[in-house]
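Coordinate analysis (summary)
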There are 2 protein chains.
Amino acid sequence: MAKQVKIKDIAEKAGVSRGTVDRILHNRGNVSESSRKAVESVLAENNYRFNIHTSAVSLKKGFRLVISTPEAAPGEYWDTVGKGISHALDEYSDISIECTYVYYNQFDIFSCRKAFDTVADSHADAVIIGATFASETKILCGLLDKAGIPYAFIDSVIEKTNPVATYSSDQNACGRMIGRLLDLFTPEGAELAIFSSRRIGNERANNSMRRMAGMKEYFRDTGSCRTIKESKLSVLDPEESKRDVIEFMEKNPKVKGIAVLNSRGYIVSDALAGVSGNDISIVSFDLTVNNSRCIKNGTISAVICQRPEMQGFHAVKAIIRTLLYNPVEKNIRHLMPVDIIIRENIDDYKEIFTE
Amino acid sequence: MAKQVKIKDIAEKAGVSRGTVDRILHNRGNVSESSRKAVESVLAENNYRFNIHTSAVSLKKGFRLVISTPEAAPGEYWDTVGKGISHALDEYSDISIECTYVYYNQFDIFSCRKAFDTVADSHADAVIIGATFASETKILCGLLDKAGIPYAFIDSVIEKTNPVATYSSDQNACGRMIGRLLDLFTPEGAELAIFSSRRIGNERANNSMRRMAGMKEYFRDTGSCRTIKESKLSVLDPEESKRDVIEFMEKNPKVKGIAVLNSRGYIVSDALAGVSGNDISIVSFDLTVNNSRCIKNGTISAVICQRPEMQGFHAVKAIIRTLLYNPVEKNIRHLMPVDIIIRENIDDYKEIFTE
DNA sequence: CGTATTTTTGTGCACGTACACGAGAATTGG
DNA sequence: CCAATTCTCGTGTACGTGCACAAAAATACG
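Residues numbered from 1 in each chain as written. Chains lettered and ligands numbered in written order. Predicted model: local features only at pLDDT ≥ 70, side-chain atom pairs only at ≥ 80, totals over all residues. Heavy atoms only, no water.

On to the environment of Phe110 of chain A, then. All names here are of chain A. Among the structural elements, Phe110 can be located in helix H6 (residues 109-120). The exposed category is assigned to Phe110, whose relative accessible area is 59%. Along the chain, Phe110 and Glu136 lie 26 residues apart, while their C-alpha atoms are 9.7 Å from each other. (Helix = DSSP H or I, 4+ residues; strand = E, 2+ residues; numbered from the N terminus. Buried < 20%, exposed > 50% of the residue type's maximum accessible area, 1.4 Å probe, protein only.)

Here's what the structure looks like:
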């Protein structure tokens, strides 16, 4: 194994001092064109790599990291994302990172605006965004771009922005999966239903819509002729949702499989708990505590899961890499694997393996 | 966020020097009883944590890591484990680790003995073992224990050993899953078959046997009365296997679902490729390149996967933590999540997310 | 008690990088 | 052409730990 090239080596080969190489590596400016060329050519043929340990050791300044996501109700999606974030911060506990959370209500665009204003004014060194409202996010990112503050996205891709990295899943594939699963879980010819969020100006419905498209795509491509009904769930009032579900099922007794395109599968499950002779298969999203309970007692057949902890974890790592070593990466879209969780494998998804 | 306690702080509080604290932390001996007590009490109430970066920086001595697993055919299980290992070594590229691979033939106990002799004589600082032969492994571990060399297991748990950590999956759960999946994939009442390795004194069949037990457990617990036939596959000669498969299916035309309890699902799939009117569902293990191909062309319905890269990755990390900080962990069994991979989600399992 | 030996303890240096500071070179303006 | 200013560059120090080495203390032995 060849010995690592160090800054001193680069400096010597280029006939300059350590300081100059350092300035170039971190493009701090104040370097003459001739030195820059000399160093860059040496750099080009020597594949220098920062030593993460010594970098971290010498780093005096602490970083201010701001994380803005929808409110993280315990055991729900964003809470799990947060666990991945904490885990990453823990892994980098030797770098001093001051972390601020700015939550907003994902169904209230005004709360989002307020939160993003706070973020913009926070003088952060880096930002991680769990985006739902596309237009608000674009505005925030414009400000961050102007200020040269790096940011990363979790859970959704927002077009026309310049994040360091984006961690999300292929929602269309998720939709196709939910189609496939319901196809398996229900008897041939049974009717199916799709429950999605009743949107309240919430553009995260974006994800929901992609999922819906994917699901329909699945049934179109496989040519299996299923009747698919659609209905909406209130995201705010669980009781209202339950009534909606029961009413819907009374009207549509032939429906034997339900795709819940958000994480509210447990609400549907709970609503149907009282119904006698329940032979309805439910597939939903996200391994929340409630969904986990329903998987275990068999009232939800499967849950599709997008590795939220891993998304949070890697977003932090990407941000820290950027903070330490400048423009290492730029706008890379990472698609997380999409896991199928059923009663038989749920237990081993408990331990958090972020990496 | 409270400021980290440093060795110097501990030393001052205990009224000794940095060197003494250092000796205690790394139990290098040569410390008086009084100093030890003083330091340990300070340590107890101050929750000191090593700074991984400075530790790594000051570490002069390079480590010799020996990794012994079954031969890693490209694209197969152990090859993927190896990718996780490389990934981890890459992540720790700033610590000088000299890594030696000692492969053995997992169907040849003599080759295993020879390999383990090499390992025992290698004067390694740490060892990672992909164990298949239980008794040989136990002997090797005895030697390592005596020499005070830490080791970790990948893929299987070997009783009566003292590894730093074990990374594996719940094989019984895997079996139950394969049962559930075949239950879903095949029409009610269809016969099923289990194909496992024809054992050649190979105790890794251990995993296979657990899977078999789990599968039977599933059908017993659900009370679904299925006829399940059993057959063996030669692990060495693919052509022989194919003939076996074809012969078996001719004799058992009612079998509509096949559980392949090792990673050779693609062989069964290929064998049945020529058979007309093929409506047989195959479920197998491990996302090897061959199985991946069959998933994509639809000849294998699902593959059950145990995150091999992650196992390799975490095994290395655990070992390195131990090398840096002595007895951080001891004999922790980590159960990896068990993923279900079907045509709809296979694409996103390609990018390696080890963490 | 004095010297030799062993045990215990303290100190200094290296690791590779980030960054501050000041010296020297280049440029500008009169 | 000289002074003032700006730009460029090199050097020194700190970061916290591991480890080597020497000093000091304790113990052994004649």
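Counting residues at the interface gives 47 residues for chain A, matched by 47 residues for chain B. Together, the buried faces of chain A and chain B total about 4100 Å²; carbon and sulfur atoms form 54% of this surface. Our enumeration of links across chain A and chain B arrives at eight salt bridges. With its nearest N and O atoms 2.8 Å apart, the salt bridge here joins Arg180 of chain A to Glu344 of chain B. Scanning the region where chain A abuts chain B turns up 14 residue pairs in polar contact (both at pLDDT 80 or more). At the level of elements, helix H4 (52-58), helix H5 (77-91), helix H8 (171-185), helix H13 (308-325), strand E11 (332-335) and strand E12 (339-341) of chain A are the ones that each hand at least two residues to the side of chain A that touches chain B. (Contact = heavy atoms within 4.5 Å. Buried area = accessible area lost by both parts, 1.4 Å probe. Salt bridge = Lys/Arg side-chain N within 4 Å of Asp/Glu carboxyl O. Polar contact = N/O pair within 3.5 Å; in protein donor to acceptor, adjacent residues only side chain to side chain.)

Leu65, Ile95 and Ile128 of chain A together with Ile10, Leu65, Ile95 and Ile128 of chain B are the most contacted members of the largest nonpolar core, which has 77 residues in total. In this view, Ile95 of chain B contacts His53 of chain A together with Ala56, Leu59, Phe63, Ile320 and Leu324 of chain B; residues no more than four positions away in its chain are not counted. Listed in part, the 42 residues of the second largest apolar core include Phe219 of chain A together with Phe185, Val283 and Ile340 of chain B. (Core = buried A, V, L, I, M, F, W, Y, C linked by side-chain atoms within 4.5 Å.)

The next subject is unusual backbone geometry. One non-glycine residue, Lys160 of chain A, lies in positive phi territory at about 60°. Examined against the element boundaries, Lys160 of chain A turns out to sit in the loop between strand E4 (151-154) and strand E5 (165-168). What makes Lys160 of chain A exposed here is its relative accessible area of 76%. Here the phi dihedral of Asp155 of chain B falls at roughly 85°; this positive angle occurs in a residue that is not glycine. Its place among the elements puts Asp155 of chain B in the loop between strand E4 (151-154) and strand E5 (165-168). Exposure remark for Asp155 of chain B: the relative accessible area of 0% places this residue in the buried category.

Take the packing of aromatic side chains next. All names here are of chain A. Going through the model one piece at a time under the given rule, you end up with 16 aromatic pairs over all chains. Arranged with centres 5.9 Å apart and planes meeting at 65°, the rings of Tyr151 and Phe153 form a pair that is edge-to-face. Each member of the pair, Tyr151 as well as Phe153, is classed as buried. The structure contains a cluster of three or more aromatic residues connected by ring pairs, namely Tyr104, Phe116 and Phe133. Above the ring of Phe285, the side-chain terminus of Arg211 is found at 3.8 Å from the ring centroid. (Phe/Tyr/Trp six-rings, centres within 6.5 Å; stacked < 30°, edge-to-face > 60°. Lys NZ or Arg CZ within 6 Å of the ring centre and 35° of its normal.)

Here the focus is the protein's contact with DNA strand C. Neighbouring residues of DNA strand C: 26 residues in total, closest Tyr48 and Ser58 of chain A together with Arg18, Ser32 and Ser35 of chain B. At the protein interface, 60% of the atoms of DNA strand C within 4 Å belong to sugar or phosphate. The contact in question runs from a phosphate oxygen of DNA strand C to an N or O atom on the backbone of Ser17 of chain B, over 2.7 Å. Ser32 of chain B places a polar side-chain atom, nitrogen or oxygen, 2.6 Å from a phosphate oxygen of DNA strand C. Among the elements of the structure, helix H2 (18-25) and H4 of chain A together with helix H2 (18-25) and helix H4 (52-58) of chain B are those that each provide at least two residues to the surface near DNA strand C. Of the residues that constitute the surface near DNA strand C, the class distribution is eight nonpolar, 12 polar and six charged. (Near = heavy atom within 4 Å. Nonpolar A, V, L, I, M, F, W, Y, C, P; charged D, E, K, R; others polar.)

Attention now moves to helix H1 (residues 7-14) of chain B. Residues and elements named next belong to chain B. For H1, the complete set of buried residues consists of Ile10, Ala11 and Ala14. Looking straight down H1, one finds its buried side chains confined to an arc of 100°; they lie on one side. The outward face of H1, more than 90 degrees from its buried face, is lined by the exposed residues Glu12 and Lys13. Next to the buried residues of H1 lie H2 and helix H3 (33-44). Remark: Gly15 follows H1 within two positions and exhibits a positive phi of approximately 70°. (Arc of directions from axis to C-beta.)

As a further point, take the relation of the copies chain A and chain B. When chain A is brought onto chain B, the operation consists of a screw motion whose angular component is 180° and whose axial shift is 0.1 Å, with 0.2 Å RMSD remaining. Put plainly, the chains are arranged around a two-fold axis. By residue overlap, the copies meet face to face through one surface: 100% of the interface positions of chain A are interface positions in chain B. (Least-squares fit on C-alpha atoms with pLDDT ≥ 70 in both.)

Once that is clear, we can look at the domain arrangement of chain A. Residues and elements named next belong to chain A. The domains assigned to chain A are domain 1 (7-50), domain 2 (58-169 + 307-337) and domain 3 (171-305). Contact residues are listed per partner, giving 16 residues for domain 2 and 17 residues for domain 3. A combined buried area of about 1400 Å² lies between domain 2 and domain 3, and 45% of that area is made up of carbon and sulfur atoms. The three residues of domain 2 that bury the most area against domain 3 are Glu76, Phe107 and Ser169, which together make up 38% of that side's buried surface. Counting the contacts that link domain 2 with domain 3 gives zero salt bridges. Grouping the amino acids of the side of domain 2 that touches domain 3 by side-chain chemistry returns seven nonpolar, six polar and three charged. (Domains from an automatic or database assignment.)

Around DNA strand D, a shell composed of 27 residues is seen, among which Arg18, Ser32 and Ser35 of chain A together with Tyr48 and Ser58 of chain B lie nearest. Counting only atoms of DNA strand D within 4 Å of the protein, the fraction found in sugar and phosphate groups is 61%. Separating a base oxygen of DNA strand D from a side-chain N or O atom of Arg18 of chain A is a distance of 2.5 Å. In the environment of DNA strand D, a phosphate oxygen lies 2.9 Å from a nitrogen or oxygen atom belonging to the side chain of Arg28 of chain B. If you list the elements that add at least two residues to the surface near DNA strand D, you get H2 and H4 of chain A together with H2 and H4 of chain B. Here the surface near DNA strand D is composed, by residue class, of eight nonpolar, 12 polar and seven charged.

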